[in-house]
Structure formats: structure tokens, C-alpha cells
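Single-letter residue listing:
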Amino acid sequence: MSHRHFGSLHAPNAEMAIKNARDVYTRRNEGVSIWVVQANDIAASSPSDKGPLYEPAEDKVYRHPSFYKIPDDIGAM
Amino acid sequence: MTVSTDALFQCLLRLGDNTLILGQRLGEWCGHAPALEEDIALANTALDLMGQTRHWLTLAGEVEGKGRSEDDLAMLRDVWDFRNVLLVEQPNRDYGHTLMRQFLFDHYHLLMLRGLSESADSRLGDIAAKSVKEVTYHAERSAELIIALGDGTEESHMRMQEALDRLFPFAGELFETDAIDEDLAQHGIAPLPSSLRPAFEAQLDIVLAEATLSKPTDSFAHKGGRTGFRHTEHLGHLLASMQWLQRAYPGAQW
């Protein structure tokens, strides 16, 4: 199941973190499963490396599979 | 022979008034709780209880057959007509007292709702079955916090023990059993409150041991709320803030 980042919160332990996440972030039916990770355990890329990391992909349109002709009888893909 | 209308009406008031008054008490923390996570969690619990109240009091009005709505019952009765236990009207005091009150009520509430979900009256059974899911979570959460704070720092332990000492004498009323309860139990409508006590005590002992808190040995119990004999002075103040708008502007709509 695909999970995505929803927000951050405080909790004394993992169990309470799940409960707090349930209370703070799933009040309007947003979730059916929760993962929590301690902020300390997350390794993140640095915002100042944004240029070298992500800009090179900007002008490489050929990496998108958008140049194929799709036969009409295949329908929407 | 079927259960008397009055017994059923009283039963529904007892259920609905407990959740109404405790929900209102918890709502008082909204925007003031010690941490954002706690603030939202308490407000969620309060809203769960208010949702349950709407079901109980709507059904109470139908059973009574005098055309009173959930709102009439909640907003236009005075202290002496309320049938909630004294425990739920006790003031919030500090966060420890709020959590201890919640813990004692949640574990009773869960047992009562489990029993009610087997009720011979499916109208009560359906409301209980829906509420059990919410209250299972309330009970888990309050038990965890009692353990965390009881077995926490010297200060938090002291406050939780103080809260237990003050509130435990209000737990006895939860299991008080009168002629109305006998009537309901005989007809399979609701479990006898006294029959829930052993399971409650067992659960209490497990959690309190882990929380390093000592249960008071005195079995004295304050009572009078659920029979309407006598409420504590706190209920009138709570009703004043809960009901003032309908009292000042009768019939005002949202």
C-alpha cells in the first residue's frame, strides 16, 4: 500500500505517536493505515543541493514515455 | 410482560446524560490542553460522546412520547432532571484529574456498551454496537496515558495518585443497581451494572499496577446522580454554560 507524508507531531513513544497521528490527521476519513517514523531516523536531501540533484532532469523530456502513438482501440491509458 | 416505558426512558437518560455531560466537560479543554495532540484527541473524544448523546436522547424522546427532541432534553432540563453519574460532572481540575475521570468512565462505559450491544431491544443494541468502536479507542488511550503519567516523573505520579484518590469514590456509583436496572435486566434490555464490576476491577488493577498507582481501599461511594436524588454543585455551573444560549434566546437555530 502506498503511504505518503501527512504531517509531524510530538509523542513519547511509537504507540502514542500512532494514536496521536490517528487523532490529528485522520479525523476526516483520510487514512486506513499509519506509519510513524522518528524525525531523527529520517535522512533527507539538503535544499541547497536542489540544483545538482533535480534540475538535470528538467530538460530530458525523452525520459517520459509520451512520444508513442497509442492505437485508438487501446483506449485511455 | 414488556419493560415499563418509564424504566426504558430512565435508562436512556442515564446513558445519554453520561455522554452529554462528560462530552461537555471535555469540550472545556478545547484550545487549552497542554499539547496540540492532546487538545485534538480530547476534542475528538468529546465529539464521539456528543454523537452518542444524540442517539440516546433522540431515542429517549421517542420512548417518552411527549414530543421532546434531543435538543429539548439536553438544553431545557434543569439539574434535578439529569440522570448522569456524579463522576462525569466533576470539574476538570488539572490534566491528571481529567484523564483519571476519563479512564474510570471509559472502562465502565466499554463494558456497559458491550452488554448493551446484545440488548433485546435492537434500537439500543444498534446504538451500542456503533459506540463500542469509538469507546474501545477511548479506553485504550486513557489507559496508556494513566500508565505513562503514573509511572512517569515524581510530579506526574503524585498528581495521578491525587486524582485517583479524589475520583475513585465516584466510581462506585457506576455499578449501583436499583429497581429500574433490575427491570431492564430481567427483560434483557441492559446488563445489571453490578454485574460489570468484577471485569472493571480486574482491568483497573492491571492498569494501576503498571502505572505504579495504589487503588484506595475505602469502598465509600458518592452517589445520587443516576437516580436524580442529588447532584454535586458542579452540574449547575456546567449547565449554565451549556444551556445559556437556548435559555436566553429560546428556539435559536444554528
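Residues numbered from 1 in each chain as written. Chains lettered and ligands numbered in written order. Predicted model: local features only at pLDDT ≥ 70, side-chain atom pairs only at ≥ 80, totals over all residues. Heavy atoms only, no water.

(A) Summary view of the overall build of chain A. For chain A, the helix and strand inventory stands at two helices and zero strands. For 77 residues, the compact-globule formula gives about 11 Å, and the C-alpha radius of gyration of chain A, at 20 Å, lies well above that figure. Its C-alpha atoms give chain A principal-axis dimensions of about 55 × 40 × 15 Å. When burial is assessed residue by residue, chain A has 9% of its 77 residues classed as buried. As displayed, chain A has an accessible area near 7,100 Å², and 54% of this comes from carbon and sulfur atoms. When the 9 positive and 10 negative side-chain charges of chain A are each reduced to one mean point, those points stand 6 Å apart. (Helix = DSSP H or I, 4+ residues; strand = E, 2+ residues; numbered from the N terminus. Rg over C-alpha atoms; globule rule 2.2 N^0.38 Å. Buried < 20%, exposed > 50% of the residue type's maximum accessible area, 1.4 Å probe, protein only. Areas by Shrake-Rupley, 256 points an atom, 1.4 Å probe, with all protein chains shown as cover. Lys, Arg positive; Asp, Glu negative; His and termini not counted. Charge placed at Lys NZ, Arg CZ, Asp CG, Glu CD.)

(B) Summary view of the side chain of Asp121(B). Residue and element names in this part refer to chain B. Within the secondary structure layout, Asp121 lies in the loop between α5 (95-116) and α6 (122-150). Polar contacts involving the side chain of Asp121 include one to the side chain of Arg123, which spans 2.9 Å. Contact partners of Asp121, with chain neighbours within four places excluded, come to Leu8 and Ile189. (Polar contact = N/O pair within 3.5 Å; in protein donor to acceptor, adjacent residues only side chain to side chain. Contact = heavy atoms within 4.5 Å.)

(C) Layout of the interface of chain B and chain A. With 11 residues of chain B at the contact, the number on the chain A side is 10 residues. Both faces considered, chain B and chain A share a buried interface measuring about 1,100 Å² in area, 51% of it formed by carbon and sulfur atoms. For chain B, the biggest contributors to the area lost against chain A are Glu37(B), Tyr137(B) and Glu144(B); these three give 53% of the whole. In this assembly, chain B and chain A are joined by three salt bridges. Residue Lys19(A) pairs with Glu140(B) through a salt bridge whose shortest N-O separation is 3.2 Å. Those elements giving two or more residues to the side of chain B that touches chain A turn out to be α2 (36-64) and α6 of chain B. (Buried area = accessible area lost by both parts, 1.4 Å probe. Salt bridge = Lys/Arg side-chain N within 4 Å of Asp/Glu carboxyl O.)

(D) Here's a closer look at α2(B). Residue and element names in this part refer to chain B. An ideal rise of 1.5 Å per residue puts 42 Å on 29 residues; α2 measures up with 41 Å between its terminal C-alpha atoms. Summarising burial for α2: 21 of the 29 residues are buried, a large majority. Remark: Gly65 follows α2 within two positions and exhibits a positive phi of approximately 75°. (Expected span 1.5 Å × (residues − 1).)

(E) How the structure looks around the packing of aromatic side chains. All names here are of chain B. In this structure the tally under the stated criterion is six aromatic pairs over all chains. Where Tyr108 meets Phe175, the ring centres are 5.8 Å apart and the plane angle is 85°; that geometry is what we call edge-to-face. Taken together, the residues Tyr108 in helix α5 and Phe175 in the loop between α7 (154-167) and α8 (179-186) connect sequence positions 67 residues apart. Phe175 matches Tyr108 in its accessibility class, with the two residues each being buried. With 4.8 Å between their ring centres and 50° between their planes, Phe175 and Phe200 make a pair best called tilted. Here Phe200 lies in helix α9 (residues 193-210) and Phe175 lies in the loop between α7 and α8, a separation of 25 residues in the sequence. (Phe/Tyr/Trp six-rings, centres within 6.5 Å; stacked < 30°, edge-to-face > 60°.)

(F) Looking closely at the nonpolar core. Residue and element names in this part refer to chain B. Ranked by size, the top nonpolar core spans 77 residues in total, and within it Trp56, Met100, Phe103, Leu116, Leu124 and Ile146 carry the most contacts. By residue number, the principal contributor to this core is α5, which donates 12 residues. When sequence neighbours within four positions are dropped, the list of residues in contact with Leu116 reads Leu15, Trp56, Leu124, Gly125, Ala128, Ile189, Ala190 and Pro191. (Core = buried A, V, L, I, M, F, W, Y, C linked by side-chain atoms within 4.5 Å.)

(G) Looking closely at the environment of Gly236(B). Within the secondary structure, Gly236(B) is located in helix α10 (residues 234-248). Spatially, the C-alpha atoms of Gly236(B) and Leu59(B) are 25 Å apart, while their sequence positions differ by 177 residues.

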